[in-house]
Amino acid sequence: MVDNCLFCKIVAGVIPADKVYEDELVVAFKDIDPQAPVHLLIIPRKHIARITDITDEDNLLIAHIHQVAVMLAKDFDIAEPGFRLVNNCNEDGGQAVYHLHYHLLGGRKMAWPPG
Ligand code: AMP
Ligand code: ZN
């Protein structure tokens, strides 16, 4: 656990979150400021600051995150109408929390291009 990392604290249970799934590798919870009817965050238990910090040893973890995203999309009934899986990287990407996370958004029609 990295000090002063909000999502490490959620993984550790120090800060509460509305968790919808967890296993030995990942935790998923509802975004506190939802931008769609379904807005979940999927994060690794392991602290990885950004997508650009992923290494070869994380290959199985990253594949697993995709599998969990699809499982949750089905569970929340957004797989068929469609959904968006988003990672924001660094300042221009709009990253606010520097613990790797993927936004799973659905339940409404998404706009393109994104803002
Ligand atoms: P990003 O801008 O990609 O770094 O996304 C960070 C996300 O974390 C935002 O969508 C926030 O609404 C969300 N967030 C911040 N604090 C919390 C929290 N305590 N519980 C759940 N979601 C949070
Ligand atoms: Zn962290």
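Below you will find a few notes about this structure.

Below, the discussion takes up the nonpolar core. Grouped together as the largest cluster of nonpolar side chains are 17 residues, with contacts concentrated most on Ile-42, Ile-65, Leu-72 and Leu-104. Of all the secondary-structure elements, those providing two or more residues to this core are β2 (26-30), β3 (38-44), α2 (59-75) and β5 (102-106). If you tally residues by element for this core, the top one is α2, at seven residues. The next biggest cluster of nonpolar side chains, apart from the first, holds ten residues, and it includes Cys-5, Phe-7, Val-11 and Ile-43.

Before going further, it helps to spend a moment on the environment of Asp-58. Within the secondary structure, Asp-58 is located in the loop between β3 and α2. By relative accessible area, which is 2% here, Asp-58 ends up buried. A sequence separation of 29 residues divides Asp-58 from Asn-87, and the C-alpha atoms of the two residues are 16 Å apart.

Moving on, we get to the coordination of the zinc ion (ligand 2). For the zinc ion (ligand 2), the full set of protein donor atoms is Cys-5 (SG), Cys-8 (SG), His-47 (ND1) and His-99 (ND1), and the range of their distances to it is 2.0 to 2.3 Å. For the zinc ion (ligand 2), the four donor atoms in the first shell make angles of 106 to 115° at the metal, so the coordination geometry reads as tetrahedral. Each donor residue of the zinc ion (ligand 2) lies on one chain, and together they are spaced C-x2-C-x38-H-x51-H. Of the two residues, Cys-5 is situated in the segment before α1 (6-12) and His-47 in the loop between β3 and α2; the sequence distance between them amounts to 42 residues.

What follows deals with the site of ligand 1. Around ligand 1, the surrounding shell holds 16 residues, and the nearest of these are Asp-31, Gly-94, Ala-96, His-101 and His-103. One of the backbone N or O atoms of Gly-94 is found 2.8 Å from an oxygen atom in ligand 1. Separating an oxygen atom of ligand 1 from a side-chain N or O atom of His-101 is a distance of 2.8 Å. Taking a 2 Å distance to the grid points as the criterion, the majority of the atoms of ligand 1 fall inside the largest pocket. Of all the secondary-structure elements, those providing two or more residues to the shell around ligand 1 are α1 and β2. The element best represented in the shell around ligand 1 is α1, accounting for three residues. Taken together, the residues of the shell around ligand 1 break down into eight nonpolar, five polar and three charged.

What counts, and where the lines are drawn
- Residues numbered from 1 in each chain as written.
- Chains lettered and ligands numbered in written order.
- Predicted model: local features only at pLDDT ≥ 70, side-chain atom pairs only at ≥ 80, totals over all residues.
- Heavy atoms only, no water.
- Core = buried A, V, L, I, M, F, W, Y, C linked by side-chain atoms within 4.5 Å.
- Buried < 20%, exposed > 50% of the residue type's maximum accessible area, 1.4 Å probe, protein only.
- Helix = DSSP H or I, 4+ residues; strand = E, 2+ residues; numbered from the N terminus.
- Donors = N, O, S within 2.8 Å, 3.2 Å for Na, K, Ca; no water.
- Tetrahedral: all angles 85-135°; square planar, octahedral: opposite > 155°, others 65-115°.
- Near = heavy atom within 4 Å.
- Polar contact = N/O pair within 3.5 Å; in protein donor to acceptor, adjacent residues only side chain to side chain.
- 1 Å grid on protein atoms, 1.4 Å probe; cavity = no way out; pocket = protein on both sides within 12 Å on 5 of 7 lines; lining within 4 Å.
- Sits in = over half its atoms within 2 Å of the grid points.
- Nonpolar A, V, L, I, M, F, W, Y, C, P; charged D, E, K, R; others polar.

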